[in-house]
Amino acid sequence: MNKRCLAAISRSYSQHASVDQLRLIFLGAPGSGKGTIAKKVREKYGLESLSSGDILRATAEEESPLGRMVKEVISSGKLLEDSLMVEMMENSLKQWPANKGIILDGFPRTVDQAKELDGMVTRIGMPLDGVVSIKVAPEVIIERLSGRRVHPGSGRVYHVDYNPPKVEGVDDVTGEPLVQRSDDTVEVILSRLQIYEETAQPLRDHYDNMNLLHVIESETSDIGFQRLEQVLPQLIGSS
Ligand code: AP5
Ligand code: MG
């Protein structure tokens, strides 16, 4: 099937009334701002996200062989095996209300995962409306990630300079201590970036061939969100 036919099919599925019904994927390097932009979208439009990294970090807290294995993979910066990742995401997606939109943050990350997701969204009846690839220069990433602090209980994300908490080192809402992620050390960041470079282009090509891909440059704070907002009208089919 050629690109024009695929575009027509894709458009026929993307006539939503509002942003909170969209089904999107966020692609982007570690530290590109997937989680930060997803939070802005949720706050402004009520569209919620599902982060594969958050699911894995919750699993890593479990005292089980699976929990220990996942913890080790995350701390090394490598990717979890495709079949296990797909199984975990399918379990979460099955519980997601079919009439509610979603942003998938961090999944898929390989073409094999993307192909599995293609089948999954058809089975579950949740066709995708768009794939947003967030581009940030690699030199910006290390500074962002090494300054990131998170509140483990809620997943709230801060940055020591760009988005500092009201009181240094503690969460604004609970007053509990903030922590640095185990994979936010320079050595592991470099490994994560290398893996991303190897897997990103084939993944973008996969979605470009389906005419779903939108690339946004997100070089400075908040610009990525503004550029995403320019794309949203096309995705809800009102442009
Ligand atoms: P995951 O949690 O998905 O990590 P990641 O993709 O490496 O991305 P990050 O969460 O680090 O970055 P982000 O893009 O969300 O940036 P953020 O908004 O926080 O995955 C973790 C691990 O789980 C993987 O390494 C892998 O092991 C495993 N995994 C996950 N999914 C998998 C899959 N599908 N298959 C296999 N394995 C998988 O922003 C970063 C910082 O920058 C923050 O401090 C933020 O405040 C700041 N910031 C954000 N935007 C801006 C801006 N515009 N200007 C200035 N600062 C900014
Ligand atoms: Mg994230």
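This text goes with the structure placed above it.
Okay, so let's go over this structure.

What counts and what doesn't
- Every chain is numbered independently, its residues counted from 1 as its sequence is written.
- Here every chain gets a letter starting at A, and every ligand a number starting at 1, in the order they are written.
- Local features in this predicted model are restricted to residues of pLDDT 70 or higher, and side-chain atom pairs are both shown and tallied only at a pLDDT of 80 or more, whereas totals for entire chains, interfaces and linings draw on every residue.
- Excluding hydrogens and water, the side-chain values take into account all heavy atoms of the structure.
- Helix and strand definitions follow DSSP, with helices as H or I runs of at least four residues and strands as E runs of at least two, each counted in order from the N terminus.
- The globule rule used here is 2.2 Å times the number of residues to the 0.38 power, and the radius of gyration it is set against is calculated over C-alpha atoms.
- Buried means the residue's accessible area, taken with a 1.4 Å probe over protein chains only, is under 20% of the maximum for its type, while exposed means over 50%, and partly exposed covers the values in between.
- A 1.4 Å probe and the Shrake-Rupley method give the accessible areas. Residues count as covered only by the protein chains that appear here.
- Working convention for charge: Lys and Arg count positive, Asp and Glu count negative, and His plus the chain ends are omitted.
- Taken as the charge location is NZ of Lys, CZ of Arg, CG of Asp or CD of Glu.
- In this analysis, two residues are considered to be in contact whenever any of their non-hydrogen atoms come within 4.5 Å of each other.
- Salt bridge criterion: a side-chain nitrogen from Lys or Arg within 4 Å of a carboxyl oxygen from Asp or Glu.

**Remarks on the overall build of the chain**
- For the chain, the count of helices and strands is 9 helices and 7 strands.
- Whereas a compact globule of 239 residues would reach a radius of gyration of roughly 18 Å, the chain reaches 18 Å, a difference of no more than 12%.
- In the chain, which comprises 239 residues, the proportion classed as buried is 44%.
- By element, 51% of the accessible surface of the chain is carried by carbon and sulfur atoms, the whole surface being about 12,500 Å².
- The centroid of the 28 positive side-chain charges in the chain is displaced by 4 Å from the centroid of its 35 negative side-chain charges.

**Some thoughts on the side chain of Ser133**
- Mapped onto the elements, Ser133 comes out in strand β4 (residues 130–135).
- Once you skip the residues sitting within four places of it in the chain, Ser133 turns out to touch Leu27, Arg204, Leu213, His214, Val215 and Ile216.

**Considering the pattern of salt bridges**
- Overall, the coordinates contain 13 salt bridges when judged by the stated rule.
- Across the salt bridge formed by Asp171 and Arg156, the nearest N and O atoms sit 2.9 Å from each other. Taken together, the positions of Asp171 in the loop between β6 (157–159) and α8 (186–209) and Arg156 in the loop between β5 (148–150) and β6 put the pair 15 residues apart, joining distant regions of the chain.
- One salt bridge connects Arg192 with Asp184, and the closest N-O pair in it is separated by 3.1 Å.
- Look at Arg192 and you get buried, because its relative accessible area is 10%.
- Each of the salt bridges in this network shares a partner with another, and the network as a whole consists of Arg148, Arg181, Asp183, Asp184 and Arg192.

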